[in-house]
Amino acid sequence: MSYFVYILKCSDDTLYTGITKDITKRLAEHNGSVKGAKYTKTRRPVELLYQEEFDDRSSASKREYAIKKLRRDEKLALIMKGE
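Note that the coordinates shown come from a computational prediction; the quantities given were computed from them, not determined experimentally.

1. So, the side chain of Arg-26
Then step 1. Mapped onto the elements of the fold, Arg-26 is located in helix α1 (residues 23-32).
Then step 2. Reaching out from Arg-26, the side chain makes a polar contact with the side chain of Glu-29 at a distance of 2.9 Å.
Then step 3. In terms of polar contacts, Arg-26 uses its side chain to reach the backbone carbonyl oxygen of Lys-35, at 2.9 Å.
Then step 4. Apart from the residues lying within four places of it in its own chain, the contact partners of Arg-26 are Tyr-6, Thr-20, Lys-35, Gly-36 and Ala-37.

Structure (structure tokens):
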């Protein structure tokens, strides 16, 4: 099963990075479930801007960590490159 690293745009224009096995389900959780991340619960609705797919959790986690360390402008450049 694949893992996804994703970047969301929150209603306050901030960016949130996460990891999941099911991107559609996770996006729904961020937008309307108690299972959404604490950060996104007060910043709904959120919009999926970017995703990358990986074969294993370890690779996805390493990529998530690397993306989280990027500055906002670097994340936006990554998003633009991926479109």
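Anyway, onward from the coordinates.
2. Examining the pattern of salt bridges
Then step 1. Summed over the entire model, instances satisfying the criterion amount to eight salt bridges.
Then step 2. Across the pair Glu-64 and Lys-68 runs a salt bridge, and its minimum N-O distance is 3.4 Å. Note that Glu-64 and Lys-68 are positioned in helix α3 (residues 57-69) at a spacing of four residues, about one turn of the helix.
Then step 3. Look at Glu-64 and you get buried, because its relative accessible area is 13%.
Then step 4. Note on Lys-68: relative accessible area 46%, which makes it partly exposed.
Then step 5. Among the charged side chains, a network of salt bridges with common partners joins Lys-9, Asp-13 and Arg-72.

Cut-offs used in this document
Residues numbered from 1 in each chain as written. Predicted model: local features only at pLDDT ≥ 70, side-chain atom pairs only at ≥ 80, totals over all residues. Heavy atoms only, no water. Helix = DSSP H or I, 4+ residues; strand = E, 2+ residues; numbered from the N terminus. Polar contact = N/O pair within 3.5 Å; in protein donor to acceptor, adjacent residues only side chain to side chain. Contact = heavy atoms within 4.5 Å. Salt bridge = Lys/Arg side-chain N within 4 Å of Asp/Glu carboxyl O. Buried < 20%, exposed > 50% of the residue type's maximum accessible area, 1.4 Å probe, protein only.

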